[in-house]
Amino acid sequence: MLILRAFAGLTLAFNHGLHKLPPSERFISGVHEMGFPVPEVFAYAAGFSEFGGGILLSMGLGTRLSSFFILATMIVAVFIRHANDPFGGSRELAALYGIVAVMFMITGPGRFSVDAMLRRQYGQLFR
């Protein structure tokens, strides 16, 4: 779990999310073309979901919540942004990140995570 969480989270954060913060005019324009209202806000949300969510996922901190936001961003990528791409490029990668997010939403972060450490230390407060 640790290896998958760290690899998926860090590659998402640094290969995809970092380049979206702050969002470029081109990225904001792409968000606008997808039909989102207030494209600047949604562009920042996508960047924070990928970068911040990836960092949190890699640490195993707020794993289920960060995975939810990653999944939401990947759903947009797979079914809207890359809907016309052949499966095998950007669409496949977004689907893979989305499936990893679903897996961590279901299973949680695993034994070697900040969430597990907090749960051991503070018990029910972090369940």
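Structure first, text after, so check above.
This write-up is about the structure you can find in this document. Think of each chain on its own: its residues are numbered from 1, step by step along the sequence as written. Where totals are concerned, whole chains, interfaces and linings use all residues; where local detail is concerned, this predicted model gives features only for residues with pLDDT of at least 70, and gives and counts side-chain atom pairs only at 80 or more. The basis for every side-chain value is the complete set of non-hydrogen atoms in the structure, without hydrogens or water.

**Some thoughts on the overall build of the protein chain**
Secondary structure elements are taken from DSSP: a helix is a run of H or I of four residues or more, a strand is a run of E of two residues or more, and numbering for both begins at the N terminus. Counting secondary structure elements, the protein chain contains six helices and zero strands. From first element to last, N terminus to C terminus, the protein chain shows the α and β order α-α-α-α-α-α. A compact globule built from 127 residues would reach a C-alpha radius of gyration of about 14 Å, and the protein chain, at 15 Å, matches this within 12%. Across its three principal axes, the protein chain shows a C-alpha extent of roughly 45 × 30 × 20 Å. Across the 127 residues of the protein chain, 35% fall into the buried class. Accessible surface area values rest on a Shrake-Rupley calculation with a 1.4 Å probe, where residue burial reflects the displayed protein chains alone. Roughly 7,700 Å² of accessible area belongs to the protein chain as shown, and the carbon and sulfur atoms make up 68% of that amount. We compute the radius of gyration from the C-alpha atoms alone; for a globule the expected value is 2.2 Å times N to the 0.38, where N is the number of residues. Whether a residue is buried, partly exposed or exposed follows from its accessible area with a 1.4 Å probe, protein chains only, as a fraction of its type maximum: under 20%, in between, or over 50%, in that order.

**Thoughts on the pattern of salt bridges**
Throughout this description, the term salt bridge denotes a Lys or Arg side-chain nitrogen within 4 Å of a carboxyl oxygen of Asp or Glu. Scanning the entire structure with this criterion turns up one salt bridge. Between Lys 20 and Glu 50 there is a salt bridge whose closest N-O contact spans 2.7 Å. Here Lys 20 is found in the loop between helix H1 (2-17) and helix H2 (25-33), whereas its partner Glu 50 is found in helix H3 (residues 39-59), with 30 residues between them in sequence. The same class applies to Lys 20 as to Glu 50, namely buried.

**With respect to the layout of surface pockets**
Residues are called lining when one of their atoms sits within 4 Å of a cavity or pocket point, these points coming from a 1 Å grid over the protein atoms alone, where a cavity is a set in which a 1.4 Å probe fits but cannot get out and a pocket is an open set with protein on both sides within 12 Å along at least five of seven lines. Grid points are joined across faces, edges and corners, and a volume is the space filled by probe spheres set on the points. Its volume calculated, the largest pocket comes out at about 760 Å³. Every residue lining the largest pocket is counted, 27 residues in all, and those nearest its centre are Lys 20, Phe 27, Glu 50, Ala 77 and Arg 81. For the lining of the largest pocket, the secondary structure elements donating two or more residues are H1, H2, H3, helix H4 (63-81) and helix H5 (90-107). Here the lining of the largest pocket gets seven residues from one element, more than from any other, and that element is H4.

**Considerations on the environment of Gly 108**
Summarising the element assignment, Gly 108 is placed in the loop between H5 and helix H6 (114-122). Taking relative accessible area as the criterion, Gly 108 reaches 1% and is therefore assigned buried. A sequence separation of 45 residues divides Gly 108 from Thr 63, and the C-alpha atoms of the two residues are 6.5 Å apart.

**Observations regarding the nonpolar core**
Of all hydrophobic cores here, the largest spans 13 residues; its most connected members are Leu 12, Ile 70, Met 74 and Ala 94. When contributions to this core are tallied by element, the ones reaching two or more residues are H1, H4 and H5. Any pair of residues with heavy atoms lying within 4.5 Å of one another is described as a contacting pair. Discounting chain neighbours no more than four positions away, the residues touching Ala 94 are Met 74, Ala 77 and Val 78. As used here, the term nonpolar core means buried Ala, Val, Leu, Ile, Met, Phe, Trp, Tyr and Cys residues forming a set that is joined through side-chain atoms within 4.5 Å.

So, to be careful, I would describe these as geometric facts and stop short of saying anything about function.
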